[in-house]
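Residues per chain, in single letters:
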Amino acid sequence: LFGRNYFNRYSAPETDEDEFADERAEILAEAAALKKSAVAYMHPEVGVCSEDATLFGRNYFERASAPDVESMEEAEEKAKILAEAAALKKSAAAYMHPEVGVKTTDPTLFGRNYFNRYSAPETEEDDFADERAEALAEAAALKKLAVNYLHPEKSVSVEDATLFGRNYF
């Protein structure tokens with residue numbers, strides 16, 4: 001039998017000393033433990049895997065002899081809270097998206113527009129109308145800015161052909 005030792009020859013690259021090798025092994029073990037912890041955090045649906053046969057646990061919440069967690073009053077209160085949360089969500093959606101409009105299903109609901117009828121008096125003077133037009137223009141500009149801020153996925157549209165830019169990212 002014969003063989004050649006490629007690690008102890010003179011032309012072999014230098015190897016780490018024992019203390020550096022031990023430190024590197026500790027760092028790699030810590031990195032592996034951190035990766036395992038990150039995977040467990042990001043994927044809770046996987047569950048817990050035990051490698052030690054002496055480890056065991058007991059689920060005290062789903063056993064047959066476990067006491068009921070909620071009373072009837074608590075369940076009713078929870079249902080009320082969830083209904084209020086759903087109403088608040090609907091109100092917030094209506095506030096954030098006024099373009100959707102109001103929808104009703106009750107045929108007895110109706111409204112009357114008192115501002116556009118023929119007998120309505122003319123209430124605005126020219127000065128106030130100009131101020132209102134300026135305020136509405138500013139409000140439209142602010143709305144456009146708010147939409148651009150809330151929806152960054154929309155692209156920027158430019159009406160001036162002399163404008164250009166460069167994306168450095």
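See the structure printed just above.
Residues numbered from 1 in each chain as written. Predicted model: local features only at pLDDT ≥ 70, side-chain atom pairs only at ≥ 80, totals over all residues. Heavy atoms only, no water.

Draft legend 1. Broad picture of the overall build of the protein. When you go through the protein residue by residue, the secondary structure sums to 3 helices and 0 strands. For the protein, the N- to C-terminal ordering of α and β elements is α-α-α. Looking at the protein residue by residue over its 169 residues, the buried ones come to 1%. As presented, the protein carries roughly 18,100 Å² of accessible surface, and 59% of it is formed by carbon and sulfur atoms. (Helix = DSSP H or I, 4+ residues; strand = E, 2+ residues; numbered from the N terminus. Buried < 20%, exposed > 50% of the residue type's maximum accessible area, 1.4 Å probe, protein only. Areas by Shrake-Rupley, 256 points an atom, 1.4 Å probe, with all protein chains shown as cover.)

Draft legend 2. Summary view of a nonpolar patch on the surface. A contiguous nonpolar patch, built from Tyr95, Met96, Tyr149 and Leu150 and spanning about 560 Å² of accessible area, is present on the exposed surface. Of all the secondary structure elements, the ones that give two or more residues to the nonpolar patch are helix 2 (72-96) and helix 3 (126-150). If you trace the backbone, Tyr149 turns up in helix 3. (Patch = residues over 30% accessible without salt bridge, like charges linked within 9 Å, V, L, I, M, F, W, Y side chains within 5 Å. Salt bridge = Lys/Arg side-chain N within 4 Å of Asp/Glu carboxyl O.)

Draft legend 3. Here's a closer look at a negative patch on the surface. Taken together, the side chains of Glu17, Asp18, Glu19, Asp22, Glu23, Glu26 and Glu30 make up a negatively charged region of the molecular surface. With respect to the element layout, Asp18 can be found in helix 1 (residues 18-42). Residue class for Asp18 comes out exposed when judged on its relative accessible area of 62%. (Lys, Arg positive; Asp, Glu negative; His and termini not counted. Charge placed at Lys NZ, Arg CZ, Asp CG, Glu CD.)

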